[in-house]
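Observations on the model geometry
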Amino acid sequence: MQLSKQLLIFCATSILAVGCGGGGGGGNTTPTTSVASSSAVSSSSSSSSSSSSVASSSSSSSSSSSSTASGFAFCALLTSDPDGDGIGLENDKSCQMRTGFDITAEMGMGWNLGNTMDASGNKANPLDDETYWGNPKTTKANMAALKAAGFKTLRLPVSWDDHTGASPDFTIDSAWMSRVEEIANYALDNGMYVIVNIHHNTGWENPTLANEANAKARLQKLWTQIATRFEKYDHHLIFETMNEPRDQKVESDSSDDDWWGNDSNYFTVLNRLNAAALDVIRATGGNNKKRLVMMPGYTAGVAEHQLSAVVIPNDKMVALSVHSYTSYNFALNLGAGSVSTFGAGDQTEIDAIFNRIDSKFLKKGIPVIMGEWGSTDKNNLAERIKQAKYYAQKSSTYKVPLVVWDNGNLATFDPNKSQGEIMGLFNRNNNTWVFPTILDAIMGGGK
């Protein structure tokens, strides 16, 4: 989610252009949504892939010894399949490589470490950005509590802008990179999946034709460094190229163009930026040759025109990343038009979103991960439970992993105060659940 400076977030989305974030777009034709050729490394498009043991972490796959439909155990290395036929060889024994769908099937329900490593703005000490927006330092106990609650995936949003050197190298501060890796290992050590991304930025990612060369250069420099650092990790580590890419330069006008993407050039440039990020990730070699990589469309939105514009590179270990705060008036809006009830119209809207995801991607062999969803507190717990249960049911039906957004804001809702979005579910200070009934809805909604 895209945040305003300081503690809380405000997401100026339109009803279906849900999510908030970063930059991408360009060209004068609108691409179609399906697997398409691109500059992505073709060797990564094997019919199946993935699964390994983390070289420096105890998060070795508990399922690596399980049997697949072919009768083979899953391979322990992402690089065990040089000929791309989906069958690897380890210790003189055949093994089955994981596909993207194998991984998404294992990801289950996930949780976002929001407003933490994606926080920014502490000019006095950038390394203290982790706590700058009001959340405590992340601990291993936090991850143990999440795992105990039933979460299988941690999304680790990261802002890198306060922690990189100047052009042209954009060298990432080693201490910040190490802290990102340390937190990732807290979850990986518990056998969880971890999504590492590029989250908030200062507008360098804007998907305009004029900015494309600059965005591509910086994006590739960052991903080369991140991918190299995490190359040794197994299939439990997933990369997400960008968060919610959009043209932030038009954010202040009244057109909503930054969220809706009314300029087809945005979509074309964004598709090229995603492919460029994938290229350098694959080029770092090793486990990154077949690691699952998530990539978003414009704003990670789920509107018809946003999804239709997405071009997924010819690489079967790529998943579409989407965000869905539906409906906006219920889930996020705190101003004019805000509603506190979750009704039949909201259900219909969510149905339409999952139907689009299914027809445009899942049925075409492209996995989908909903990296953000949720609702802000409006003193409407019963309605939020309904929303959470409905999303969980859809997740179960379509086998799309859900990663709930948690910004750590644990305030008590007061309609007479400006509090921003109150989306804290988990108290990171004492590892308890502020809304255990929402947690129950998330975990039990699909049953």
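Use the structure listed above.
What you see is a predicted model, and the numbers here were worked out from it, not measured in a lab. (Residues numbered from 1 in each chain as written. Predicted model: local features only at pLDDT ≥ 70, side-chain atom pairs only at ≥ 80, totals over all residues. Heavy atoms only, no water.)

Regarding the overall build of the chain
What counts here: Where helices and strands are cited, they refer to DSSP runs of H or I of at least four residues and of E of at least two residues respectively, numbered from the N terminus. The rule is simple: take the accessible area with a 1.4 Å probe, protein chains only, and divide by the maximum for that residue type; under 20% is buried, over 50% is exposed, in between is partly exposed. In this analysis, two residues are considered to be in contact whenever any of their non-hydrogen atoms come within 4.5 Å of each other.
A tally of helices and strands in the chain yields 12 helices and 14 strands. The burial tally for the chain puts 60% of its 447 residues in the buried class. Restricting the contact set of the chain to residue pairs at least 6 apart, pairs at least 24 apart contribute 77%.

Looking at the packing of aromatic side chains
Going by this rule: Two rings from Phe, Tyr or Trp (for Trp, the six-membered ring) form a pair when their centres are within 6.5 Å of each other. A pair whose planes differ by under 30 degrees is stacked, one over 60 is edge-to-face, and the rest are tilted. By definition, being over a ring means that NZ of Lys or CZ of Arg is both within 6 Å of the ring centre and within 35 degrees of the ring normal.
Within the structure shown, the criterion is met by 11 aromatic pairs. Centroid distance Trp223 to Phe239: 5.1 Å. Interplanar angle 55°. Geometry classified as tilted. One end of the pair, Trp223, is in helix 5 (residues 212-230); the other, Phe239, is in strand 7 (residues 237-240), and 16 residues separate them in sequence. Residue classification places Trp223 among the buried positions, given a relative accessible area of 0%. By relative accessible area, which is 0% here, Phe239 ends up buried. Between the aromatic rings of Phe230 and Tyr233, the centroid separation amounts to 5.5 Å while the plane-to-plane angle is 45°, which identifies the pairing as tilted. Taken together through their ring pairs, the aromatic side chains of Trp111, Phe151, Phe426 and Trp433 make up a single cluster. A cation over a ring is seen here: Arg98 above Phe74, with NZ or CZ 4.0 Å from the ring centre. Its end group placed over the ring of Phe239, Arg291 keeps NZ or CZ at 5.2 Å from the ring centre.

Section: the pattern of salt bridges
Heads up, the condition is: Salt-bridge detection follows one rule: a side-chain nitrogen of Lys or Arg within 4 Å of a carboxyl oxygen of Asp or Glu.
Summed over the entire model, instances satisfying the criterion amount to 20 salt bridges. Measuring nitrogen to oxygen at the nearest pair gives 3.0 Å for the salt bridge that ties Glu240 to Arg155. In this pair, Glu240 is assigned in strand 7 and Arg155 in strand 5 (residues 153-156), connecting sequence segments 85 residues apart. For Glu240, a relative accessible area of 0% translates into the label buried.

Overview of the packing of helix 10 (residues 344-360) against helix 11 (residues 381-398)
Rules: Every axis corresponds to a line fitted to the C-alpha atoms, with the helix fit spanning only the stretch in contact, and the corresponding angles, defined between N-to-C directions, vary from 0 to 180 degrees. Should an angle fall under 35 degrees it is called roughly parallel, over 145 degrees roughly antiparallel, and 65 to 115 degrees roughly perpendicular, with every other angle called oblique. When the near helix sits turned anticlockwise from the far one by under a right angle, the crossing is termed left-handed; a clockwise turn instead gives a right-handed crossing. Three classes are used: nonpolar for Ala, Val, Leu, Ile, Met, Phe, Trp, Tyr, Cys and Pro, charged for Asp, Glu, Lys and Arg, and polar for all others, with Gly counted as polar.
The geometry of helix 10 relative to helix 11 is characterised by a closest axis approach of 11 Å and an angle of 25° between their N-to-C directions. One finds that helix 10 runs roughly parallel with respect to helix 11. You can see that helix 10 and helix 11 cross each other, and the crossing is right-handed. Across the interface between the two elements, Gln347, Ile350, Asp351, Phe354, Asn355 and Asp358 from helix 10 touch Tyr390, Tyr391, Lys394, Ser395 and Tyr398 from helix 11. Looking at side-chain class alone, the contact of helix 10 with helix 11 contains five nonpolar, three polar and three charged residues.

With respect to unusual backbone geometry
Cis peptide bonds are those with omega within 30 degrees of zero, and the linkage from Ser167 to Pro168 qualifies with 10°. Among the secondary structure elements, Pro168 is positioned in the loop between strand 5 and helix 4 (174-188). The residue after Thr326, namely Ser327, is reached through a cis peptide bond having omega -15°. Its location among the elements puts Ser327 in the loop between strand 10 (318-324) and helix 9 (328-331). Non-glycine residue Asn91 carries a positive phi angle of around 55°. Relative to the helices and strands, Asn91 resides in the loop between strand 2 (87-90) and strand 3 (93-96). Located in the positive-phi region is Asp92, a residue other than glycine, with phi close to 65°.

Quick notes on helix 4
Spelled out, the test is: To estimate how far a helix should reach, multiply one less than its number of residues by 1.5 Å. Nitrogen and oxygen atoms within 3.5 Å of one another constitute a polar contact, given that in protein one can donate a hydrogen and the other can accept it, and given that sequence-neighbouring residues count only through two side-chain atoms.
In this model helix 4 runs 20 Å from its N-terminal to its C-terminal C-alpha over 15 residues, within 8% of the 21 Å that 1.5 Å per residue would give. Counting buried positions along helix 4 yields 11 of 15 residues, so the element is predominantly enclosed. Taken residue by residue, helix 4 has Trp176, Met177, Arg179, Val180, Glu181, Ile183, Ala184, Asn185, Tyr186, Ala187 and Leu188 as its buried positions. At the N-terminal boundary of helix 4, the capping side chain belongs to Asp173, with an oxygen 3.0 Å from the backbone nitrogen of Ala175.

Remarks on the pairing of strand 3
Operational definition: Two strands make a pair as long as DSSP finds a minimum of two bridges between them.
Two strands pair when backbone bridges link them, and strand 2 and strand 3 are joined in this way by four bridges, in the antiparallel orientation. Pairing of Leu89 across the sheet is with Ser94, part of strand 3. The turn linking strand 2 back onto strand 3 is made up of two residues, and Asn91 within it adopts a positive phi angle of 55°.

Some points on the pairing of strand 11 (residues 368-373)
Within strand 11, six of the six residues are buried, which leaves the element mostly enclosed by the surrounding structure. Looking at chain direction, strand 10 and strand 11 are connected through five bridges and run parallel. Across the sheet, the residue bridging to Val322 is Met370, located in strand 11.

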